[in-house]
Amino acid sequence: RFKTLKDDDFARFFTSTENLQLRCILLLMREGGLRIGEVLGLWLQDVEFHRNGVWVRRRRDLDNDALAKNMCEGDQRFVDLSPGLMALFDQLVLKHNFDTDHLFVVLKKTARDKRGMVTYGRPLNRHAVKAMFQHYSRKNQLPLHAHMLRHTHATELIRANWDVSYVQKRLGHAHVHSTMIYV
């Protein structure tokens, strides 16, 4: 069985984060049901402000090894998002002046990888996101991992009587039985 997150716990976690990127990541997973690999694979041009959403696309050989699971090369799906999240994206994109198309980048100027190489301005990776989640989980005394937000999103859609086939498509599940665990 999987764990979900209560609204008040999410609100406490969210408001404790000052990091604009992490706020966007949290909302993408909570409101959009995206997997962490899908989030980290987003490029600037995947954000569609006029449609209030993002395109999740499968790309190969990304610098941060992000991957949109259950998609074939060239596949894509559009995920509708709230105006509030789109306003945060607007702030994030306006501040983006890095030499990468990746939407999420390392913002800590002293950050280094395992080999000691500077990672500032490079695409954010799973390890960095996991470390952010761990930091804020400790700070809030609230055990939260990225995939819990996806589970919460899917569970809420099913509880709100959304059609299972729509939830399957929104989550990018290859098979409906993967979605049925939320029923």
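Residues numbered from 1 in each chain as written. Predicted model: local features only at pLDDT ≥ 70, side-chain atom pairs only at ≥ 80, totals over all residues. Heavy atoms only, no water.

Asks: Whenever I open this one, the overall build of the chain confuses me. Can you help?
Replies: Secondary structure assignment for the chain yields 8 helices and 3 strands. For the chain, the α and β elements follow one another from N to C terminus as α-α-α-β-β-β-α-α-α-α-α. For the chain, the C-alpha radius of gyration of 16 Å lies close to 16 Å, the compact-globule estimate for 183 residues. Oriented by its inertia axes, the alpha-carbon framework of the chain measures out at about 45 × 40 × 30 Å. The burial tally for the chain puts 50% of its 183 residues in the buried class. Of the contacts made within the chain by residues no fewer than 6 positions apart, 57% connect residues no fewer than 24 positions apart. Summing over all exposed atoms, the chain offers an accessible surface of approximately 10200 Å²; the carbon and sulfur share of this is 51%. (Helix = DSSP H or I, 4+ residues; strand = E, 2+ residues; numbered from the N terminus. Rg over C-alpha atoms; globule rule 2.2 N^0.38 Å. Buried < 20%, exposed > 50% of the residue type's maximum accessible area, 1.4 Å probe, protein only. Contact = heavy atoms within 4.5 Å. Areas by Shrake-Rupley, 256 points an atom, 1.4 Å probe, with all protein chains shown as cover.)

Asks: Help me understand the side chain of Arg30 in this model?
Replies: As for its position among the elements, Arg30 is in helix H2 (residues 20–32). When neighbours within four sequence positions are excluded, Arg30 is seen to be in contact with Asp7, Phe10, Leu149, Thr152, His153 and Glu156.

Asks: Honestly, the environment of Asn70 in this entry has me stumped. Any pointers?
Replies: Mapped onto the elements of the fold, Asn70 is located in the loop between strand S2 (53–57) and strand S3 (76–80). Along the sequence, Asn70 and Arg58 sit 12 residues apart, while their C-alpha atoms lie 8.9 Å from each other. Not counting the four nearest positions on each side in its chain, Asn70 is found in contact with Arg35, Arg58, Gly172, His173 and Ala174.

Asks: Hey, could you run me through empty space enclosed by the protein in this one?
Replies: A water-sized probe, rolled over the atoms, reveals where empty space remains. Counted by the stated rule, this structure contains 1 cavity of 30 Å³ or more. What lines the largest cavity is Gly37, Glu38, Gly41, Val56, Arg57, Arg59, Leu62, Ala66, Leu67 and Ala68. Listing elements by their share of the lining of the largest cavity, those giving two or more residues are helix H3 (36–40) and S2. Split by residue class, the lining of the largest cavity holds 5 nonpolar, 2 polar and 3 charged. (1 Å grid on protein atoms, 1.4 Å probe; cavity = no way out; pocket = protein on both sides within 12 Å on 5 of 7 lines; lining within 4 Å. Points joined across faces, edges and corners; volume = space filled by probe spheres on them. Nonpolar A, V, L, I, M, F, W, Y, C, P; charged D, E, K, R; others polar.)

Asks: What am I meant to see in the packing of helix H6 (residues 146–159) against helix H7 (residues 164–171) here?
Replies: Between two packed helices, both the angle of their axes relative to each other and the distance between the axes serve to describe the pair. With their axes 10 Å apart at the nearest point, H6 and H7 run at an angle of 160° to one another. On the basis of the axis angle, H6 is roughly antiparallel to H7. You can see that H6 and H7 cross each other, and the crossing is right-handed. Of the residues in H7, those in contact with Arg150, His153, Ala154, Leu157 and Ile158 of H6 are Val164, Val167, Arg170 and Leu171. Classifying every residue of the contact of H6 with H7 by side-chain character gives 6 nonpolar, 1 polar and 2 charged. (Axes fitted to C-alpha atoms, helices over the stretch in contact; angles between N-to-C directions. Parallel < 35°, antiparallel > 145°, perpendicular 65-115°, else oblique. Left-handed = near helix turned anticlockwise from the far one by under 90°.)

Asks: What am I meant to see in the pattern of salt bridges here?
Replies: As a working rule, side chains carrying opposite charge can pair if their charged atoms are close by. A complete count under the given rule lists 10 salt bridges for this structure. One salt bridge connects Asp46 with Arg57, and the closest N-O pair in it is separated by 2.4 Å. Placement of Asp46 in the loop between H3 and strand S1 (47–48) and of Arg57 in strand S2 is noted, with a sequence separation of 11 residues between them. For Asp46, the salt bridge is made with Arg59, and the minimal N-O distance between the two is 2.8 Å. One end of the pair, Asp46, is in the loop between H3 and S1; the other, Arg59, is in the loop between S2 and S3, and 13 residues separate them in sequence. (Salt bridge = Lys/Arg side-chain N within 4 Å of Asp/Glu carboxyl O.)

Asks: Looking at this structure, I do not really get the packing of aromatic side chains. What am I missing?
Replies: Applying the stated criterion across every chain yields a total of 6 aromatic pairs. Seen in terms of ring centroids, Phe10 and Phe14 are 5.8 Å apart; in terms of plane orientation they differ by 25°. Their pairing is stacked. In this pair, Phe10 and Phe14 are both assigned in helix H1 (residues 7–15), 4 residues apart and thus about one turn of the helix distant. As far as burial versus exposure is concerned, Phe10 and Phe14 are alike and both buried. The rings of Phe13, Phe133 and Tyr136 are connected pair by pair, giving a single aromatic cluster. (Phe/Tyr/Trp six-rings, centres within 6.5 Å; stacked < 30°, edge-to-face > 60°.)

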